[in-house]
Amino acid sequence: MEFEKLIAFRNYYWIEIMTECRVHALRILITPHAYPDLVPYDPVKDNGPWRYDPDRKLHYWNPTHCLEFMHEGDLMVRDFRGLKYFDHHKDFCCIDHQTCPDKNLFKPLARLRFLLPG
């Protein structure tokens, strides 16, 4: 899915920094909803993990951190340009790299689990 379409007409909130892992995970919520209890994040003006230069139409982030975008809402498969699956990282996992049930998941099975949940 094109990133620009994913973020268009949405609100952004930098909601947390996960420091439990060796690589810190910085999480940005992308949502069509407004949450008055959260502080809005503006990638053009704010000094944070995700920066956007509208003149050059370029997005920037610090590659020494794991920048995670959490999209609230449905994503329609028909809107995807394609799907690409990757092997689970041998050391890093948002669950626990020792006990994660997806650690050794064969890529074709991962595809099926994504397309046919449940």
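Residues numbered from 1 in each chain as written. Predicted model: local features only at pLDDT ≥ 70, side-chain atom pairs only at ≥ 80, totals over all residues. Heavy atoms only, no water.

A. Summary view of the packing of aromatic side chains. Enumeration according to the criterion identifies seven aromatic pairs in this entry. Measuring from centroid to centroid gives 5.0 Å for Tyr12 and Trp50, while their planes differ by 80 degrees, and the two rings are edge-to-face. Placement of the pair is Tyr12 in strand β1 (residues 11-18) and Trp50 in strand β3 (residues 50-53), with a sequence separation of 38 residues. When its relative accessible area of 1% is taken as the criterion, Trp50 is described as buried. (Phe/Tyr/Trp six-rings, centres within 6.5 Å; stacked < 30°, edge-to-face > 60°. Helix = DSSP H or I, 4+ residues; strand = E, 2+ residues; numbered from the N terminus. Buried < 20%, exposed > 50% of the residue type's maximum accessible area, 1.4 Å probe, protein only.)

B. The sheet that holds strand β2 (residues 25-31), seen in detail. Read from one edge to the other, the open sheet built from three strands follows the order β1-β2-β5, with strand pairing classed as mixed. Each edge of the open sheet carries a strand with a single partner, namely β1 and β5 (66-71). Within this sheet the neighbouring strands show an average axis-to-axis angle of 25 degrees, counted without direction. Here six bridges tie β2 to β5, and the two strands are oriented parallel to one another. For Ile28, the partnering residue across the bridge sits in β5 and is Phe69. (Pairing = 2+ DSSP bridges. Axes fitted to C-alpha atoms, helices over the stretch in contact; angles between N-to-C directions.)

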